[in-house]
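Spelled out, the chains give:
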Amino acid sequence: MPTASANLAVGAVALAKRYGTVTALSDLTLRVERGSIFGFLGANGAGKTTAVKMLLGLVRPTSGTAQVLGAPIGDRETRRRIGYLPELFRYPEWLSAREVLAFHASLLGTSAAQRTPDIARALTAVGLSERADDRVATYSKGMQQRLGLGVALLGNPALVVLDEPTSALDPLGRYDVRALLAGLRERGTTVFLNSHLLTEVELVCDRIAIVKSGRVISSGTREEILGEQRGLRIRARADGVSLHATLASFGDVTESNGAIVLRDVPHERTPEIVAALVAARARVYAVEPIVQTLEERFIELAGSP
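Given the structure is predicted, the values throughout are model-derived calculations rather than measurements.

Participant: Run through the sheet that holds strand β4 (residues 63–68), naming residues and quoting values.
Facilitator: One open sheet holds the 4 strands; their spatial order is β2-β1-β4-β5, and the pairing between them is antiparallel. With one partner strand each, in any of the chains shown, β2 (22–33) and β5 (71–72) form the two edges of the open sheet. Across 2 bridges, β4 lies against β5 in antiparallel orientation. Pairing of V68 across the sheet is with A71, part of β5. Along the sheet face, helix α1 (residues 48–55) touches β1 (8–19), β2 and β4 and points at about 120 degrees away from the line of β1.

This is the structure:
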């Protein structure tokens, strides 16, 4: 069993799930701190959904141990403190948003006195107050996604598990969700976020884990996963002087789209490189650090054999 910690929302050690001869998840170990936004990334078939279902107590692990909010996975009372938005969900089209929320609030066991204000808070949080009494059938896909988020927020959960929460939303909707997640973090709520929109993960997550074939292959902050950024893109001109020769001593020099690309050079050497260009009487128009995105790093890690 993972060591219990007051600061730990989720702790898993060597979780595995096998269906006969098929291994859906193997040796998953991770830690999620309370009050943080945690990004859980992986290609299709990496075991993400299986991992989430086990952490929620919906699937029993074949081996390994885990705790959620200080209790063993599957603990019934703890599950009341978890909000969950699955990737694929459908609500009865003849119900209104308010009725959908009321039904789920009743499943949580929320008292009648608490139910009305709790539903109102959820509707406000996801921007559906003005359409609360409209039927789900009249909702766009994005509005249904907002409703699913509202269901996950009922009962003021200590942990919210979101599977692709922004997949159906337009840019404004994704911005609203980012603000919502930031607000949850400020209240001390832990968010476990599974998403293929890596730019969104970069913007909101405190820590990230990349899973491949059921194992975490990289975890940490964005900066820790990306590692040291090395390389510069330079726009400069000089008459009668080879800038390639001037920069060759600093690293590998190539050209792309009219700019000189200097690879495998730490950004800290930028002043030294600019000084060398100026000494060569070059006119320097721009020097930009080459920064690897999380998407590029993800492809590099998850796509490798």
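Picking up after the structure, the text goes on.
Participant: Describe helix α6 (residues 171–186), naming the residues involved and giving the relevant values.
Facilitator: Across its 16 residues, α6 extends 23 Å between first and last C-alpha, which sits within 8% of the 22 Å expected from 1.5 Å per residue. Within α6, the full set of buried residues consists of G173, V177, L180, L181 and L184. The buried residues of α6 occupy an angular sector of 100 degrees when the element is viewed end-on, so they sit on one face. Exposed and facing more than 90 degrees away from the buried side of α6 are P171, L172, Y175 and E186. Its buried side turned inward, α6 meets β3 (37–41), α4 (112–125), α5 (141–153), β7 (159–163), β8 (190–194) and α7 (198–204).

Participant: Mind laying out the packing of aromatic side chains, listing which residues take part and the relevant values?
Facilitator: Applying the stated criterion across every chain, the model contains 3 aromatic pairs. Ring plane angle 35 degrees and centroid distance 5.4 Å describe the contact between F38 and F192, whose orientation is recorded as tilted. Here F192 lies in strand β8 and F38 lies in strand β3, a separation of 154 residues in the sequence. A relative accessible area of 4% means that F38 is categorised as buried. Using a relative accessible area of 2% as the deciding quantity, one classes F192 as buried. Each ring, one from F40 and one from F192, has its centre 5.2 Å from the other, and the planes form 50 degrees; the classification is tilted. Of this pair, F40 sits in strand β3 while F192 sits in strand β8, and the two are 152 residues apart along the sequence. The exposure classification of F40 matches that of F192, with both residues buried. Taken together through their ring pairs, the aromatic side chains of F38, F40 and F192 make up a single cluster. The ring of Y19 has K17 sitting right over it, with the charged end atom 5.0 Å from the ring centre.

Participant: Describe the side chain of T110, naming the residues involved and giving the relevant values.
Facilitator: Positionally, T110 belongs in the loop between α3 (97–108) and α4. With a relative accessible area of 10%, T110 lands in the buried category. When near neighbours in sequence (up to four residues on either side) are disregarded, T110 contacts A105, R115 and D118.

Conventions and cut-offs
All residue numbers refer to position in the chain's written sequence, counted from 1. In keeping with the model being predicted, local features are shown solely for residues with a pLDDT of at least 70 and side-chain atom pairs are shown and tallied solely at 80 or more, while totals for entire chains, interfaces and linings include all residues. Computation of side-chain values covers all heavy atoms of the structure but excludes hydrogens and water. Pairing between two strands requires that DSSP report at least two bridges joining them. Helix numbering and strand numbering both begin at the N terminus, where a helix is a DSSP run of H or I of at least 4 residues and a strand a DSSP run of E of at least 2. Whether two residues are in contact is decided by their heavy atoms: any pair within 4.5 Å suffices. Axis definition: a line fit to C-alpha positions, over the contact stretch in the case of helices; interaxial angles, taken between N-to-C directions, run 0 to 180 degrees. To estimate how far a helix should extend, the number of its residues minus one is multiplied by 1.5 Å. Residue exposure (1.4 Å probe, protein chains only): buried if accessible area is under 20% of the type maximum, exposed if over 50%, otherwise partly exposed. By arc we mean the arc of the directions from the helix axis to the C-beta atoms, nothing more. A pair of aromatic rings is counted whenever rings of Phe, Tyr or Trp (Trp by its six-membered ring) have centres within 6.5 Å, and the orientation is called stacked for planes under 30 degrees apart, edge-to-face for over 60 and tilted otherwise. Charges are assigned to positions over rings by a cutoff of 6 Å between ring centre and Lys NZ or Arg CZ, combined with an angular limit of 35 degrees from the ring normal.

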